[in-house]
Amino acid sequence: MQPVERAEYEGIDYGWVMQTTFVLTILVGAPVVAVLSAFVTLESWSARAAFAVRVGAPIWFLTAVAVALYARRTDAGDGSSTDGDAASPDLDGGDAASADGNVDSAPTAADTAVDETEPTGPTDKSSPTEEP
């Protein structure tokens, strides 16, 4: 199995911001919409849907802004370790085990490294240049 490539980005992890906003909006927004709907007469399903959008949109916006500000201030969701732990030799942080479960026989990152000078497959159209 090929190792998973990882990328290190500086700044806000917008994927984390979007996921956290989604979860928090549902956790906070659904109860707020439900409580507020108890005080309003909603005759039809379209009125209920319109009410949920009118109340839910500001909740979503405020949650997104709060999560983005939190991520900017605390570097939340950037995937970095603040413990100072040494990096695991396995790329996913787990035990490197082969299909038979033997940890000792599992390939290491050095064993599975691909030489960049060799073509990697049919999509590689670069040809090695020869010097005269």
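The text that follows walks through the structure, step by step, so that each part is easy to find. (Residues numbered from 1 in each chain as written. Predicted model: local features only at pLDDT ≥ 70, side-chain atom pairs only at ≥ 80, totals over all residues. Heavy atoms only, no water.)

Some remarks on the packing of aromatic side chains
To describe a pair of aromatic rings, you give the distance between the ring centres and the angle between the ring planes. Counted under the stated rule, the structure contains one aromatic pair. The positively charged end of Arg48 is found above the aromatic ring belonging to Trp45, 4.7 Å away from the centroid. (Phe/Tyr/Trp six-rings, centres within 6.5 Å; stacked < 30°, edge-to-face > 60°. Lys NZ or Arg CZ within 6 Å of the ring centre and 35° of its normal.)

Some details on the environment of Val40
In this fold, Val40 is placed in the loop between helix 1 (14–37) and helix 2 (45–74). Residues Val40 and Phe51, eleven residues apart in the sequence, show an inter-C-alpha distance of 9.1 Å. (Helix = DSSP H or I, 4+ residues; strand = E, 2+ residues; numbered from the N terminus.)

Comments concerning helix 2
Given a rise of 1.5 Å per residue, 30 residues ought to cover 44 Å, and the 42 Å separating the end C-alpha atoms of helix 2 matches this to within 8%. Along helix 2, the sharpest change in direction is near 25 degrees and occurs at Gly56; proline Pro58 comes one to four residues later. For helix 2, the full list of buried residues reads Phe51, Val55, Gly56, Ile59, Thr63, Ala64, Val67 and Ala71. Where helix 2 is buried, its residues contact helix 1. Looking at the residues trailing helix 2, positive phi occurs at Asp75, about 55 degrees. (Expected span 1.5 Å × (residues − 1). Bend = angle between axes of the 7 residues up to and from the residue. Buried < 20%, exposed > 50% of the residue type's maximum accessible area, 1.4 Å probe, protein only. Contact = heavy atoms within 4.5 Å.)

Focus on the side chain of Thr21
Mapped onto the elements, Thr21 comes out in helix 1. The exposure class assigned to Thr21 is buried, which follows from its relative accessible area of 5%. Once residues lying within four places of it in the same chain are set aside, the contact partners of Thr21 are Trp60, Thr63, Ala64 and Val67.

What about the packing of helix 1 against helix 2?
Two measures define how a pair of helices packs: the angle their axes make with one another and the distance between the axes. Axis separation between helix 1 and helix 2 bottoms out at 8 Å; the angle between their running directions is 140 degrees. By crossing handedness, the relation of helix 1 to helix 2 is classed as right-handed. Facing Trp16, Val17, Thr20, Thr21, Leu24, Thr25, Gly29, Val32, Val33, Leu36 and Ser37 of helix 1, the residues of helix 2 in contact are Phe51, Ala52, Val55, Gly56, Ile59, Trp60, Thr63, Ala64, Val67, Ala68, Tyr70 and Ala71. Residue composition of the contact of helix 1 with helix 2, by class: 16 nonpolar, seven polar and no charged. (Axes fitted to C-alpha atoms, helices over the stretch in contact; angles between N-to-C directions. Left-handed = near helix turned anticlockwise from the far one by under 90°. Nonpolar A, V, L, I, M, F, W, Y, C, P; charged D, E, K, R; others polar.)

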